[in-house]
Amino acid sequence: GDSVTQMEGPVTLSEEAFLTINCTYTATGYPSLFWYVQYPGEGLQLLLKATKADDKGSNKGFEATYRKETTSFHLEKGSVQVSDSAVYFCALSGEAGGTSYGKLTFGQGTILTVHP
Amino acid sequence: GAVVSQHPSRVICKSGTSVKIECRSLDFQATTMFWYRQFPKQSLMLMATSNEGSKATYEQGVEKDKFLINHASLTLSTLTVTSAHPEDSSFYICSARDRDHEQYFGPGTRLTVT
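Okay, so let's go over this structure. (Residues numbered from 1 in each chain as written. Chains lettered and ligands numbered in written order. Predicted model: local features only at pLDDT ≥ 70, side-chain atom pairs only at ≥ 80, totals over all residues. Heavy atoms only, no water.)

**Description of the overall build of chain B**
The helix and strand tally for chain B stands at 0 helices and 11 strands. Overall, chain B shows an N-to-C arrangement of helices and strands of β-β-β-β-β-β-β-β-β-β-β. Relative to the compact-globule value of 13 Å for 114 residues, chain B shows a C-alpha radius of gyration of 13 Å, a close match. Counting only C-alpha atoms, chain B reaches 40 × 25 × 20 Å along its principal axes. The buried share among the 114 residues of chain B stands at 50%. (Helix = DSSP H or I, 4+ residues; strand = E, 2+ residues; numbered from the N terminus. Rg over C-alpha atoms; globule rule 2.2 N^0.38 Å. Buried < 20%, exposed > 50% of the residue type's maximum accessible area, 1.4 Å probe, protein only.)

**Re the side chain of R97 of chain B**
With respect to the helices, strands and loops of the structure, R97 of chain B is situated in strand β9 (residues 90–97). Although buried, R97 of chain B forms no salt bridge, and the nearest oppositely charged side chain, D98 of chain B, lies 7.1 Å from it. Beyond its immediate stretch of four places on either side in the chain, R97 of chain B contacts G102 of chain A together with F28, Q29, A30, T31, T32, F34, E102 and Q103 of chain B. (Lys, Arg positive; Asp, Glu negative; His and termini not counted. Salt bridge = Lys/Arg side-chain N within 4 Å of Asp/Glu carboxyl O. Contact = heavy atoms within 4.5 Å.)

This is the structure in structure tokens:
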């Protein structure tokens, strides 16, 4: 079945540092890939997504590129802020027509803490 | 943006009792809602897909008689944990899917069974 593996956290960075959170997946065909963010006390929010190979999703300075050859979707940000402190989840949804289409499979989440 | 609420945010109940959790899409209609369960330091696990006006579809290993799901309207789905036991203690999260197939998540409900 589908699966998502994220780098284990927690990740602690100083403000303005470079961020990478690794994410790899296992799925048949061409799933859609997502990064969700959960701020303290809030529900998950979609951060960015990519629906086909080589697509780059971006939002709020975060980027991730859909790499079919390495089955990866690593999240990056060039300069993190204290307000980026949250839990980040990588997820996939199976390709259209498949049994897992529309259903999200999540990684285990990575806690990011950014210090001033 | 689209907002999904859950009620209650946390609940404590005694073993053997039943607990109902509500999930509402506040500013859009959702023919499909999802229920997830999250254990500490683990990812969200999909429990079931709730379809308005029809029976829910449960994932493998999820007891449908224990986790009753009702999706009676386009803005409300409920999850009832029946005869709850301490092992049912968890964080339950719902999401609602809009017409563009985007999923919006509720803030979650912390269930503690004593």
